[in-house]
Amino acid sequence: MEWRKERECIFGEQLSPLDQTLRSLRTSGPAIVWTTLFLFVPLLGIVFISFMSRGSYGELQLPLTFDNYSRFFGFGSFGFDPLYPYILLRSVLLAVGSTLLCMICALPLAFFIAGLSPRYKNLALTLVMIPFWTNLLIRTYAWQMLLSAEGLVSKIAQFVGLVGEGMPLYPSLGAVYLGTLCDYLPYLVLPLYASVEKIDWTIVEAAMDLGAGRIQSFRHAVLPQIIPGLAAGIVLVFVPATGQFIVPDLLGGAKTSMLGNSIAQQFGPSRDWPFGSAIAMSGILALMFALIIYNRILAKRGGEGLL
Amino acid sequence: MAHASASPSSPDAAAAVELQNVEKRFADFTAVTGINLTIKKGEFFSLLGPSGCGKTTLLRMIAGLEFPSSGKVLIAGQDVHDVPACERPVNTVFQSYALFPHMTVRDNIGFGLRMKGMGRDEIRVRVDKIMELVQIGQFAERKPHMLSGGQRQRVALARAVVNEPTVLLLDEPLGALDLKLRKELQFELVALQRRLGITFICVTHDQEEALTMSDRIAVMNRGHIEQLGAAEDLYESPRTRFVGGFLGTCNIIEGSVTNRGPGGASVTTAAGPMRVEFRKDSDATRRDKLTLGIRPEKVRLREEPGNEQENCFPVTVKELQYIGSETHYLLDCSGLQLSAEVMNSKVGSQGFEAGQKAFVYLPPAGLVVLDD
């Protein structure tokens, strides 16, 4: 019965290491195949393409080169011009702004929903989810109408005196933020709500009992408890917000390029796949760098990091 | 001072906490009502009662985590109606301990001092001192989830007393611990209270815990105080059927008065005529129907009728439980069920068996007249 020792007891069953491996393959296998085929293989393709060069008709050619990356950093054929680093910076700043805006709106909303009675709670959560049922493009066009000079929102803004008579609210940076907020708010509200729901209020009472006022109680007793949800939500909003291009395009008036537009531009009209891939890779690397720093900060503050 | 204590609204200088006609109503029920209570400085006071009797609500009102619907709460003579929890000179040991999970033991204990704005070095000194006092020094850098239940309890206690509150509130402080640890910590809590001289107000549903630890106990039932007194008073002379039954066990005997005398009466019961003595302040002197209570250990069981003329009745032993140091008997006394606990002080056999005929003697001093 010596061999039995190697078997581990899982849910009351004795399994050998081989059994265990087979079992986990059966359950997580499809997911592994899926991510490999549709994420890692294409990603590797992009990494490879970003080092290739473009033929005169836009075809991919072989001499492997770093030219695409040096062009991204501004060392093009017409001298130094940091256009793309600026675009990257602009995209990141827009994403930071959007994330902050979403956070400001999501925090009170999550607490409000968590405080509702169970019946209204489900209703409120459904209302938060409803935007997901409509296509992003359609939602964005809807905002265009609402924010145009004759639109309802603009009319109200004109009446209150926020903008001049007959002036539209779009295209503008404000319109871009409004559109982004509506797109990404649910991604922040839902994980945050899950954390708020689980808050142990006796810990908050303990803080008050020990002399903490409202703000200090929030900082020392509430915030540490909702950090997991908040952290997950921030990543869920920040990452896609960096690459967005529909909303800045349609509500910002297509005047300023974002990372997303630039990539679309290279893969589409410009037919420069290698350079488009290089922009995409630079964006991914920048985001990963940002997430590593973010994780460091989290780990320092809350014990366990996110990644 | 005699004048002051006569008027309920003037603060008592020797009182740590005073509750005046306090009532708390929630949306659909009244948690506590008509509470008048004075807790003296330096006292170990317990609120004892079954769950849902309002004892925790009372504690939370003193802490400032709940506000009374009517009535006044005074702490050290000051009306604290408008004082929020964070500004009251009161700290709480919560039932679930409510330690900050993301902070180390040291930071947990130092939290209250930090909120007061005390300097780092001073906090360190005080926290070290208190950790030594409750013997958790070696866990200073651990997080709460790495501690056992007993250790967490000590941290919760240290976190509260380090602030040197006027009053320390303990909500079922030992409720989550196993029996052995509970017994150990009961003694430690009392020793700590004596040493610090802080007023302790302890909420518990465990009558033994309340009896062993407290200077005084308020027994609560359905939102009001049934009886207030020292452990011995409550046990020896319970005033109501509830107090008699909640603190230990109590034989209940119903009867009607046949003959009144000075300070006592003759009562007809199912077992036969009994003589009882009245408490001085009892209203039983005016009633015709009485409920009598007697503790099982006050019941004397013997083989012969003995010399007493009164309160001696023939019984049949129905069941017995041999505990070792004592034997518990269930007796049938002409249809009346009585339980008796007899110390096994004789050497050898104790002499009573199931089915055996015997006699009980119910000493008048042990028979208490209960208010319903």
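Only a predicted model underlies this, so the values are computations on that prediction, with no experimental measurement involved.

## Some thoughts on the overall build of chain B
Consideration 1: Counting its secondary structure elements, chain B contains nine helices and 20 strands.
Consideration 2: Dimensions of chain B, computed from C-alpha atoms along their principal axes, come out at roughly 75 × 55 × 40 Å.
Consideration 3: For chain B, buried positions account for 50% of its 372 residues.
Consideration 4: Taking the contacts inside chain B whose residues are at least 6 apart along the sequence as the reference set, 65% of them involve residues at least 24 apart.
Consideration 5: Positive and negative charge centroids in chain B, built from 43 and 46 side chains respectively, lie 4 Å apart.

## Topic: the pairing of strand S10 (residues 224-229) of chain B
Residue and element names in this part refer to chain B.
Consideration 1: Alignment of strand S9 (residues 216-221) against S10, held across five bridges, turns out to be antiparallel. Its bridge partner lying in S10, Asn-221 is registered against His-224.
Consideration 2: Between S9 and S10, which follow one another and run antiparallel, lie two residues, and Arg-222 among them has a positive phi close to 45°.

## Some points on the packing of helix H3 (residues 83-114) of chain A against helix H7 (residues 173-197) of chain A
Residue and element names in this part refer to chain A.
Consideration 1: Relative orientation of the contacting elements H3 and H7 amounts to 45°, with a least axis distance of 7 Å. In terms of orientation, H3 and H7 fall into the oblique class. As H3 runs across H7, the sense of the crossing is right-handed.

## Describing empty space enclosed by the protein
Leftover empty space is mapped by rolling, across the atoms, a probe with the size of a water molecule.
Residues and elements named next belong to chain B.
Consideration 1: One pass over the full model with this rule turns up one cavity of 30 Å³ or more.
Consideration 2: By volume, the largest cavity is sized at about 40 Å³.
Consideration 3: Phe-67, Pro-68, Gly-71, Lys-72, Val-73, Asp-79, Val-80, His-81 and Arg-88 are the residues that line the largest cavity.
Consideration 4: Among the elements that take part in the lining of the largest cavity, strand S4 (residues 70-75) stands out by supplying three residues, more than any other.

## With respect to the pattern of salt bridges
Consideration 1: By the definition in use, this model includes 20 salt bridges over all chains.
Consideration 2: Put simply, Lys121(A) and Glu197(A) hold a salt bridge, and the shortest N to O gap is 3.1 Å. On the criterion of sequence distance, the pair formed by Lys121(A) in helix H4 (residues 118-129) and Glu197(A) in helix H7 is long-range, its members being 76 residues apart.
Consideration 3: For Lys121(A), a relative accessible area of 14% translates into the label buried.
Consideration 4: Between Asp288(B) and Arg260(B) there is a salt bridge, with its nearest N and O atoms 2.8 Å apart. On the criterion of sequence distance, the pair formed by Asp288(B) in the loop between strand S13 (273-277) and strand S14 (289-294) and Arg260(B) in strand S11 (residues 251-261) is long-range, its members being 28 residues apart.
Consideration 5: Given the relative accessible area of 38%, Arg260(B) is considered partly exposed.

## A look at the domain arrangement of chain B
Residue and element names in this part refer to chain B.
Consideration 1: Along its sequence, chain B is carved into domain 1 (12-239) and domain 2 (249-370).
Consideration 2: Placing a centre on the C-alpha atoms of domain 1 and another on those of domain 2 gives a separation of 39 Å.
Consideration 3: At the junction of the two partners, domain 1 supplies six residues and domain 2 supplies eight residues.
Consideration 4: Summing both sides of the interface, domain 1 and domain 2 together bury roughly 670 Å²; the carbon and sulfur share of this comes to 44%.
Consideration 5: At the junction of domain 1 and domain 2, the tally comes to one salt bridge.

## With respect to the sheet that holds S13(B)
Backbone-to-backbone hydrogen bonds pair the strands of a sheet. The strands run either parallel or antiparallel.
Residue and element names in this part refer to chain B.
Consideration 1: Overall, antiparallel pairing links the five strands, which are arranged S13-S12-S11-S14-S20 in an open sheet. Each edge of the open sheet carries a strand with a single partner, namely S13 and strand S20 (368-370). Mean inter-strand twist for the sheet, computed between neighbouring axes without regard to direction, equals 50°.
Consideration 2: Bridging between S11 and strand S12 (residues 264-269) involves six bridges; their strand directions are antiparallel. Among the inter-strand pairings, Ser-256 is bridged to a residue of S12, identified as Thr-268.

## Here's the deal with the environment of Glu254(B)
Residues and elements named next belong to chain B.
Consideration 1: Mapped onto the fold, Glu-254 is located in strand S11.
Consideration 2: Taking relative accessible area as the criterion, Glu-254 reaches 46% and is therefore assigned partly exposed.
Consideration 3: As a C-alpha pair, Glu-254 and Ala-271 span 17 residues in sequence and 9.9 Å in three-dimensional space.
Consideration 4: What Glu-254 contacts, discounting residues up to four positions off in sequence, is Arg-241, Thr-268, Thr-269, Ala-270, Leu-290 and Thr-291.
Consideration 5: A polar side-chain atom of Glu-254 sits 2.6 Å from a polar atom in the side chain of Arg-241.

## Considerations on the interface of chain B and chain A
Consideration 1: Of the residues lining the interface, 22 residues belong to chain B; the matching set on chain A comes to 16 residues.
Consideration 2: Roughly 1,600 Å² is buried in total at the junction of chain B and chain A, and carbon and sulfur atoms are behind 62% of that figure.
Consideration 3: It is Cys86(B), His102(B) and Met115(B) that lose the most area in chain B upon contact with chain A, and together they represent 30% of the buried surface on that side.
Consideration 4: At the junction of chain B with chain A, the criterion picks out one salt bridge.
Consideration 5: Between Arg60(B) and Glu205(A) there is a salt bridge, and its shortest N-O distance comes to 2.6 Å.
Consideration 6: Of all the elements in the fold, those that place two or more residues in the side of chain B that touches chain A are helix H2 (55-63), strand S6 (90-93) and helix H3 (105-115) of chain B.
Consideration 7: Residue contributions to the side of chain B that touches chain A peak at four residues, all from H3(B).
Consideration 8: In terms of residue class, the side of chain B that touches chain A is made up of 13 nonpolar, six polar and three charged.

## Thoughts on the side chain of Ser214(B)
All names here are of chain B.
Consideration 1: Here Ser-214 shows up in the loop between helix H7 (207-213) and S9.
Consideration 2: We classify Ser-214 as buried; its relative accessible area is 9%.
Consideration 3: Side chain to side chain, Ser-214 and Ser-46 meet in a polar contact 2.6 Å long.
Consideration 4: Other than its neighbours up to four places away in sequence, Ser-214 contacts Phe-44 and Ser-46.

## Focus on the nonpolar core
Consideration 1: Among the nonpolar cores identified, the biggest contains 70 residues, and Leu19(B), Leu47(B) and Ile201(B) are the most heavily contacted of them.
Consideration 2: No other element matches helix H9 (residues 214-243) of chain A, which puts nine residues into this core.
Consideration 3: In this structure Leu19(B) touches Ile35(B), Asn36(B), Leu37(B), Leu58(B), Ile62(B), Lys72(B) and Val73(B), once residues within four positions along its chain are discounted.
Consideration 4: If you look at the next biggest cluster of nonpolar residues, it comprises 35 residues, including Ala156(B), Val161(B), Leu185(B) and Met213(B).

Procedures and definitions
Residues numbered from 1 in each chain as written. Chains lettered and ligands numbered in written order. Predicted model: local features only at pLDDT ≥ 70, side-chain atom pairs only at ≥ 80, totals over all residues. Heavy atoms only, no water. Helix = DSSP H or I, 4+ residues; strand = E, 2+ residues; numbered from the N terminus. Buried < 20%, exposed > 50% of the residue type's maximum accessible area, 1.4 Å probe, protein only. Contact = heavy atoms within 4.5 Å. Lys, Arg positive; Asp, Glu negative; His and termini not counted. Charge placed at Lys NZ, Arg CZ, Asp CG, Glu CD. Pairing = 2+ DSSP bridges. Axes fitted to C-alpha atoms, helices over the stretch in contact; angles between N-to-C directions. Parallel < 35°, antiparallel > 145°, perpendicular 65-115°, else oblique. Left-handed = near helix turned anticlockwise from the far one by under 90°. 1 Å grid on protein atoms, 1.4 Å probe; cavity = no way out; pocket = protein on both sides within 12 Å on 5 of 7 lines; lining within 4 Å. Points joined across faces, edges and corners; volume = space filled by probe spheres on them. Salt bridge = Lys/Arg side-chain N within 4 Å of Asp/Glu carboxyl O. Domains from an automatic or database assignment. Buried area = accessible area lost by both parts, 1.4 Å probe. Polar contact = N/O pair within 3.5 Å; in protein donor to acceptor, adjacent residues only side chain to side chain. Nonpolar A, V, L, I, M, F, W, Y, C, P; charged D, E, K, R; others polar. Core = buried A, V, L, I, M, F, W, Y, C linked by side-chain atoms within 4.5 Å.

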